Amino acid sequence: MAGAVLASCSNGQKQGLSAEEYLGYNPDEQQLQIGDEIAIANTQYGQVKGFVMHGVYTWLGIPYGAPTSGENRFMAPKAPQPWEGVLPTVFYGDSAPQITEGKYGNNYGTFSDHWNYYDVSEDCLKLNVWTPATDKQKRPVLVWLHGGGYTNGNGIEQDGYHGETLAREGNIVFVSINHRLGPMGYTDFSGVDEKYADSGNAGMLDINLALQWIHNNIENFGGDPGNVTVMGQSGGGAKVCNMVAMADNKGLVHKGVALSGNSYQAADQSYTQELGKFILQESGLGSVEKLQQMPWREYYDLANACVKKFAETHPAAPMRGGFSPVADGVHFPKDNFYADPEGWQKDVPMMFCTTTAEWGPSRYVPELEDMPKEKAIEMLQQPSRFGGGAKTPEQAAAVYAAYEGVLGKTKPIDVYNLASATRDMVIASANAKKVQAAPIYMALFDYQPNLFNGRMKAFHCADICYWFKNTDRMVTHTGGGKEPRELSDKMSAALLSFMKTGNPNNDLLPEWPEYTPEEGAVMVLNTKCEVLNDPDRAARAAGK
């Protein structure tokens, strides 16, 4: 039944909404409330004070861990020092150390993604909370893990990450976090000294510490520590899979939603340990303690230069070049994350979603929009950015032929986009998780906004603001207006239902069956939503 339409729906939404119904709050009332006794909440480390915006209690930059500089660098995170009095938490915490130069150029990429970067430092273990109330209602909790691979990003990198609207209209608690990245979060010095046994997974242990904070404190913010959904996109989607796999997270994670990113095995520690030894050797300093005292940017540049040099003699380098979670046999298994059908994750349902034009190049290269079939086949011969090897002209032509017509895509640029996306990797991750009993649901985002003369496509990151009811906030991704909003209503309803019950079915979408490797049911999200049975199965096989 590959490609068969199982169910469908259209955009039958209520018309004639009042301004209050449309916005979700009364626009005639005072929008911002901040003062000495407003939005004060208790945490285990001290009181925090935020503000109320549009009826949503908001705290930004709450410390969940101590600074990670000096002797804390390369170590498992530590709890923050308790504080006296009431701590103002009204602006986002520092981003983790990363390279931010060049993110703000006057170009279409900056315009579209509207990057939000502020200060960068090793005092980065901070989180943000949005909630409708601080009562004891015990609302479902969403924990957002940002994208950027394991190297870049922060909890409010894009406007679409904002938690206010979903918290208010979904009656949930929304949490986003910053954590260590790149060489600061994943350099594995465990082969140098057992004191640094956790160094290769420091960034993941940061997230675990944030989840512990949520477990211990979220009731004070109106949330339910027994119903926590981790959700992320791109690198954040991989982090979701990591969190569902991580031994430390039993009892802290109850559901997972991975968008355009996945993982089902961590990096081989024999490689990461040798890389750690090489970095120390190249530094000429003789001890990790001296590396801990270097300014972060000096260490960052040293480590990245070493990765490139090390890869020259180690061609089997991991996709992320060595700075990613490590299969240490303690925090992450040495083999497949979900190999044990009775592992703690067996009760954790998951949702996976990809887009139909993850890496669509025509958005900013107009001439590719109308390229001929021959050009698309030529481009398909190039190695994939995610590890697919180069193809012969004959192989590329076979891949193109297999994808032509899938989901109605016949234009060469659309066929190329679909063939070069990463759904095969997400299917592999879903199949790995399916060894366990918990249900899995699969989605495919195909909505194309009317921006850049229709070249925007369903690109990487496009779906985030639809899940979070932020299509009118992230207008540079959606264009704003009625049509994106209606799709967002359906997608956010599915997310909220999944958070509450482990099942995304709701009244706005057709029946959404569980994913199985045999049937491959996938909800295609567009102006018309429909369920298909694995529409690109034959095409994916041709691409291998």
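Our subject is the structure that appears above.
Residues numbered from 1 in each chain as written. Predicted model: local features only at pLDDT ≥ 70, side-chain atom pairs only at ≥ 80, totals over all residues. Heavy atoms only, no water.

To continue, consider helix α6 (residues 235-245). With 11 of 11 residues buried, α6 lies mostly within the body of the structure. Contacts from the buried residues of α6 go to β9 (139-145), α5 (202-217), β11 (223-233), β12 (255-259), β15 (350-355) and α13 (423-433). (Buried < 20%, exposed > 50% of the residue type's maximum accessible area, 1.4 Å probe, protein only. Helix = DSSP H or I, 4+ residues; strand = E, 2+ residues; numbered from the N terminus. Contact = heavy atoms within 4.5 Å.)

Quick look at the sheet that holds strand β3 (residues 40-43) now. Read across the sheet, three strands follow the order β3-β4-β7 without closing on themselves; strand pairing throughout is mixed. A single partner strand is all that each edge strand has here, and the edge strands are β3 and β7 (86-88). Across the sheet, the mean angle separating the axes of adjacent strands is 35° when strand polarity is ignored. Sheet analysis places β3 next to strand β4 (residues 46-49), joined by four bridges and oriented antiparallel. Paired with Thr43 across the strands is Gly46, a residue of β4. (Pairing = 2+ DSSP bridges. Axes fitted to C-alpha atoms, helices over the stretch in contact; angles between N-to-C directions.)

Another point: empty space enclosed by the protein. Scanning all chains against the criterion turns up one cavity of 30 Å³ or more. The wall of the largest cavity is formed by Thr356, Ala357, Lys409, Asp414, Asn417, Leu418, Gln448 and Lys457. For the lining of the largest cavity, a count of residues per class yields two nonpolar, three polar and three charged. (1 Å grid on protein atoms, 1.4 Å probe; cavity = no way out; pocket = protein on both sides within 12 Å on 5 of 7 lines; lining within 4 Å. Points joined across faces, edges and corners; volume = space filled by probe spheres on them. Nonpolar A, V, L, I, M, F, W, Y, C, P; charged D, E, K, R; others polar.)

Turning to the packing of α5 against α6, a few remarks are in order. Orientation of α5 relative to α6, taken along the N-to-C sense of each, is 70°, at an axis distance of 11 Å. One finds that α5 runs roughly perpendicular with respect to α6. In this structure, α5 crosses over α6, and the sense of that crossing is right-handed. Taking contact as the criterion, the partners of Met204, Ile207, Asn208 and Leu211 in α5 are, on α6, Lys239, Asn242 and Met243. Per-class residue counts for the contact of α5 with α6 are four nonpolar, two polar and one charged. (Parallel < 35°, antiparallel > 145°, perpendicular 65-115°, else oblique. Left-handed = near helix turned anticlockwise from the far one by under 90°.)

Attention now goes to the packing of helix α10 (residues 373-380) against helix α11 (residues 393-403). Contact geometry of α10 with α11 gives a least axis separation of 8 Å together with a crossing angle of 115°. Between α10 and α11 the crossing geometry is right-handed. Between α10 and α11, the residues in contact are Lys373, Ala376, Ile377 and Leu380 and Pro393, Ala396, Ala397, Val399 and Tyr400, respectively. Counted by class, the contact of α10 with α11 contains eight nonpolar, no polar and one charged residues.

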